[in-house]
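This is what each chain is made of:
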Amino acid sequence: MTDQDRRTGRDETEEERADRMWGELIQEVRVAQTGVQILFGFLLTVVFQQKYAELSDVDRTIYVVTVVLGASATGALIGPVSLHRLVAGRKVKPQAVRLASALTQVGLFLLLATMTSSLVLILRVATGGSGVTWVVVAVVAWYLVCWYGLPFWSRRRHSTR
């Protein structure tokens, strides 16, 4: 095995790498899509509940922001599917993979924002607002550790590039 083989870890063409990376990306997106679609579907039903009329103006604003964030996250996480359909067979898969990856990262950030604002709203309504800030900060910190901290740590610690 040459030094070049050890560095890349694979013997594949740019197209083969794009095919592999596309398959991996789509599997990852499926997980995120399911979560965001369930959350967004739930959010859409809230406005039709009797308790919605009792929400304060602040809570209604939080709700509207949350719905917009959820819609945006859904769009970004479904975007790679549409991208693939529209560019399939056009010999641009490496570029499509990069763009789909960027859309997925944006979608995950928007999902984080949606989950955060959902948590704020739910805890404000459930507890009357006491201690909400600290709980939300703790949960968001946990999300950041799981979604970004550990992956970046692993990449830094184990990457040979």
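Up top you'll find the structure we're talking about.
Worth saying up front: this structure is predicted, and the values here are computed from it rather than measured.

## A look at the side chain of Gln33
Part 1 of the reasoning: Looking at the element boundaries, Gln33 is found in helix α2 (residues 14–46).
Part 2 of the reasoning: Dropping the residues within four chain positions of it, Gln33 is found in contact with Leu77, Ile78 and Val81.

## Considerations on helix α5 (residues 132–158)
Part 1 of the reasoning: Spanning 27 residues, α5 covers 37 Å between terminal C-alpha atoms, matching the ideal 39 Å at 1.5 Å per step.
Part 2 of the reasoning: Taken as a whole, α5 carries its principal kink of about 40° at Val145.
Part 3 of the reasoning: Within α5, burial applies to Val132, Val136, Val140 and Tyr143.

## What to know about the environment of Arg30
Part 1 of the reasoning: Among the structural elements, Arg30 can be located in helix α2.
Part 2 of the reasoning: In the structure, Arg30 is positioned 38 residues away from Val68 in sequence and 21 Å away in space, judged by C-alpha atoms.
Part 3 of the reasoning: In this structure the side chain of Arg30 is engaged in a polar contact, spanning 3.1 Å, whose partner is the side chain of Gln27.

## Quick word on the packing of helix α3 (residues 57–87) against helix α4 (residues 93–127)
Two packed helices can be described by the angle between their axes and the distance between those axes.
Part 1 of the reasoning: One way to put it is that α3 packs onto α4 with a least axis distance of 8 Å and a crossing angle of 160°. Accordingly, the angle class assigned to the pair α3 and α4 is roughly antiparallel. Taken as a pair, α3 and α4 cross one another with a handedness that is left-handed.
Part 2 of the reasoning: Classifying every residue of the contact of α3 with α4 gives 22 nonpolar, 10 polar and three charged.

## Observations regarding α2
Because each turn of an α-helix spans 3.6 residues, side chains separated by three or four positions end up pointing in the same direction.
Part 1 of the reasoning: The end-to-end C-alpha distance of α2 is 47 Å, a good match for the 48 Å that 33 residues give at a rise of 1.5 Å each.
Part 2 of the reasoning: When α2 is considered as a whole, its buried residues turn out to be Ala18, Trp22, Leu25, Ile26, Val29, Ala32, Gln33, Val36, Leu39, Phe40, Leu43 and Val46.

## Thoughts on the packing of aromatic side chains
Part 1 of the reasoning: Overall, the coordinates contain two aromatic pairs when judged by the stated rule.
Part 2 of the reasoning: Where Tyr52 meets Tyr63, the ring centres are 5.3 Å apart and the plane angle is 70°; that geometry is what we call edge-to-face. With Tyr52 in the loop between α2 and α3 and Tyr63 in helix α3, this pair connects stretches of sequence that are 11 residues apart. Across the pair, Tyr63 and Tyr52 agree in class, each one buried.
Part 3 of the reasoning: Here the aromatic rings of Tyr143 and Trp147 are separated by 5.5 Å at their centres, their planes lie at 20°, and the arrangement is stacked. Of the two residues, Tyr143 and Trp147 both sit in helix α5, four residues apart, roughly one turn of that helix.
Part 4 of the reasoning: With a relative accessible area of 17%, Tyr143 lands in the buried category.

Cut-off values and rules
- Residues numbered from 1 in each chain as written.
- Predicted model: local features only at pLDDT ≥ 70, side-chain atom pairs only at ≥ 80, totals over all residues.
- Heavy atoms only, no water.
- Helix = DSSP H or I, 4+ residues; strand = E, 2+ residues; numbered from the N terminus.
- Contact = heavy atoms within 4.5 Å.
- Expected span 1.5 Å × (residues − 1).
- Bend = angle between axes of the 7 residues up to and from the residue.
- Buried < 20%, exposed > 50% of the residue type's maximum accessible area, 1.4 Å probe, protein only.
- Polar contact = N/O pair within 3.5 Å; in protein donor to acceptor, adjacent residues only side chain to side chain.
- Axes fitted to C-alpha atoms, helices over the stretch in contact; angles between N-to-C directions.
- Parallel < 35°, antiparallel > 145°, perpendicular 65-115°, else oblique.
- Left-handed = near helix turned anticlockwise from the far one by under 90°.
- Nonpolar A, V, L, I, M, F, W, Y, C, P; charged D, E, K, R; others polar.
- Phe/Tyr/Trp six-rings, centres within 6.5 Å; stacked < 30°, edge-to-face > 60°.

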